[in-house]
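Listed below are the residues making up each chain.
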Amino acid sequence: MPQISSRLSGFTESVIRKMTRIANKYGAINLSQGFPDFDPPKEITEELKKIADSGPHQYEITWGSEKLREALVKKQKKFMGISIDPDKEIVVTCGSTEAMMVAMMTVCNPKDKVIVFSPFYENYGADAILSGAEPIYVPLKPPSFEFDKQELINAFKQKPKALILCNPSNPTGKVFSKDELLFIADLAKEYDTFVITDEVYEHIVMKPFEHIYMASLPGMFERTISCSSLSKTYAITGWRLGYIIAPENIIDNAKKVHDFLTVGAAAPLQAAVLPGLALPDSYYEELRELYTRKRDLFLKGLDDAGLKYTKPQGAYYVMVDISEFTNGSDTEFCEWLAKEVGVAAVPGSSFFREDINNFIRFHFAKKDDTLIEAIKRLGTLREKMPKGGVYNKEDKGES
Ligand code: GLN
C-alpha cells in the first residue's frame, strides 16, 4: 500500500476536541472545548430563519459577500481605529482557524521560522507543520505569563518570518499590555517580521484591561495580518465565520489561498450574521460585563474549592494549578476529573512546549446554571481525591 503523507507524522490529535469526547463519554460538564451553551443574539437567529426561504443558498464571492465585508470593516474601524478597504484589505474565511492557516500559508516558505509564545492554542503547531514553517517557542512564564524580553530578542535574532500573537490569549487569559505590544512591534520592525494575530477574544476583555490591536500601533498595519472571528463575539462557534485584515499586497495572495482551500464561507450564514454586526455599541459593553460576571462567579467557585489559578484578564479560560494533586500526568488528572468529579478540563501540557504538566484549563463560557453545577461538583474534588493524588509516577514505577 502507498504511504500517507509524511507531513502527518508530526501531527497529534487535538487534545481539546478529544476532551469533548471524554466529557460526553462520562456525561461530564464540558469546560474543556471553549464554546458557549447559550444562544446567539436573537437578531441573528431570526434572520437565519428568514434566509431559509429567501436565500442566498449558492456560492458567495469567494472572499466574502460584499455586505459582510462592508459591515465588518465598518465595525472594525470603530474598534481598531483603522479604515479598511472592503474590496482590497479583508477576506472572509471559515473561522479564525482557516484565517490563521491562510495567513501562515500566505507568508511562509518551507523552513521559515515563526515565533510562537508558549503556552499556545494547539492549532498553531499544526498550522506551522502544514505551511512548512519551524516554530521558535518563547515562554510566557506562569503564574503571570509574562515573557522575558531577552528571550524574545534572541528569538528575533534567528530572523523569523512571522510572530504569532494570540491576544487576548488562549489558554492563559493574558491581555498583552501596550508596553509589551510596543516591544514586540519594535522588534518586528527592526527584524522585518510579520505579526500574525489571533484576536478572536477581542471583545472579551475584563476591566481595567483593554484590548489593543497590533495593527493599530504606529507602523504596524503594513506588517500585521489580523485574524479574527465572529464565533466568540456572537456565540456562533459552529457557524465558522472568520476574517483576515491586512494590506492589499498580502490580502491579494491570501484570497487565492483561501479560494483554493475552501472557495468560501457558508453563504446563508454570511447573510444571517449581518444584524449582529449592526448591533449597537452597548452589545459589546454588555458582552464584557457578561463575561466578567461569569469569570468572577467561576473564580469564586475555584476559591471555595481551594484551587489555585491565575486570574484571567481576557478571553474565557482559566489555568488552574494542580501540582498539589498530581506529580504525574495532567492528562490522567483530566480524565479522572471528568469521570469521578464530572467536570471536563483540558490538560495544560497540550498548550505548553516546555515540560510543564501542572496546569489544567477550564473555560467559563457557560450559562450561570451550568457554572454553578460545575462549581458544586468541583467542591467534591478533595473528598473524591485518592490518597496520594490522582497519578503518581513513582506508584507506576516511572520515576
Ligand atoms: N478555541 C476553543 C478552545 O480553545 C475551541 C477550539 C476548537 O475546538 N475549534 O477550546
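What counts as what
Residues numbered from 1 in each chain as written. Predicted model: local features only at pLDDT ≥ 70, side-chain atom pairs only at ≥ 80, totals over all residues. Heavy atoms only, no water. Helix = DSSP H or I, 4+ residues; strand = E, 2+ residues; numbered from the N terminus. Rg over C-alpha atoms; globule rule 2.2 N^0.38 Å. Buried < 20%, exposed > 50% of the residue type's maximum accessible area, 1.4 Å probe, protein only. Areas by Shrake-Rupley, 256 points an atom, 1.4 Å probe, with all protein chains shown as cover. Lys, Arg positive; Asp, Glu negative; His and termini not counted. Charge placed at Lys NZ, Arg CZ, Asp CG, Glu CD. 1 Å grid on protein atoms, 1.4 Å probe; cavity = no way out; pocket = protein on both sides within 12 Å on 5 of 7 lines; lining within 4 Å. Points joined across faces, edges and corners; volume = space filled by probe spheres on them. Nonpolar A, V, L, I, M, F, W, Y, C, P; charged D, E, K, R; others polar. Pairing = 2+ DSSP bridges. Axes fitted to C-alpha atoms, helices over the stretch in contact; angles between N-to-C directions. Parallel < 35°, antiparallel > 145°, perpendicular 65-115°, else oblique. Left-handed = near helix turned anticlockwise from the far one by under 90°. Contact = heavy atoms within 4.5 Å. Core = buried A, V, L, I, M, F, W, Y, C linked by side-chain atoms within 4.5 Å.

## Points about the overall build of the chain
A tally of helices and strands in the chain yields 14 helices and 14 strands. Against the 2.2 N^0.38 benchmark of 21 Å for 399 residues, the chain shows a C-alpha radius of gyration of 21 Å, consistent with a compact globule. In terms of overall dimensions, the chain has a C-alpha envelope of 60 × 55 × 50 Å along the principal axes. Each of the 399 residues in the chain was classed as buried or not, and the buried ones make up 55%. With the model as given, the accessible surface of the chain reaches about 17500 Å², and the carbon-plus-sulfur share is 52%. Of the charged side chains in the chain, 50 are positive and 56 negative, and the gap between their average positions amounts to 1 Å.

## Some details on the layout of surface pockets
One number sums up the size of the largest pocket: a volume of about 650 Å³. What lines the largest pocket is a set of 30 residues, and nearest its centre among them are T12, E122, G125, A126 and I129. The dominant element in the lining of the largest pocket, judged by the number of residues it contributes, is helix α5 (residues 123-131), at seven residues. Partitioning the lining of the largest pocket into residue classes produces 13 nonpolar, nine polar and eight charged. Roughly 420 Å³ of internal volume is contained in the second largest pocket. Around the second largest pocket, the lining is made up of 24 residues, and of these R17, T97, Y121, K232 and R240 lie nearest the centre.

## A short note on the pairing of strand β9 (residues 242-245)
With burial as the criterion, each face of β9 is covered, one bearing G242 and I244 and the other bearing Y243 and I245. Judged from the four bridges that link them, strand β2 (residues 90-93) and β9 form a sheet pairing that is antiparallel. Directly across from V91, in β9, lies its bridge partner I244. Here four bridges tie strand β8 (residues 224-229) to β9, and the two strands are oriented antiparallel to one another. Along β9, the bridge assignment pairs S226 with I245.

## Considering the packing of helix α6 (residues 149-157) against helix α7 (residues 178-190)
Two packed helices can be described by the angle between their axes and the distance between those axes. Interhelical geometry of α6 versus α7 gives an angle of 20° and a closest axis separation of 10 Å. One way to sum up the angle between α6 and α7 is to call them roughly parallel. In this structure, the crossing between α6 and α7 has a hand that is right-handed. Between α6, through K149, L152, I153 and F156, and α7, the contact on the second element is made entirely by F183, I184, L187 and A188. Taken together, the residues that form the contact of α6 with α7 break down as seven nonpolar, no polar and one charged.

## Some points on the sheet that holds strand β4 (residues 134-141)
Pairing is mixed across the open sheet formed by eight strands, whose spatial order is β2-β9-β8-β7-β6-β3-β4-β5. Each having just a single partner strand, β2 and β5 (146-147) make up the two edges of the open sheet.

## A look at the nonpolar core
Formed by 76 residues in total, the largest nonpolar core has its most connected members in F298, F333, L337 and F362. Here the element with the most residues in this core is helix α11 (residues 281-304); it accounts for seven residues.

## Focus on the packing of helix α1 (residues 15-26) against helix α12 (residues 330-341)
α12 packs onto α1 with a crossing angle of 30° between their chain directions and a minimal axis gap of 8 Å. Between α1 and α12, the interaxial angle falls into the category roughly parallel. Between α1 and α12 the crossing geometry is right-handed. Residues M19, I22, K25 and Y26 of α1 form the contact with α12, whose own contacting residues are C334, E335, A338 and K339. For the contact of α1 with α12, the residue count by class is five nonpolar, no polar and three charged.

Worth remembering: the numbers are spatial, not functional.
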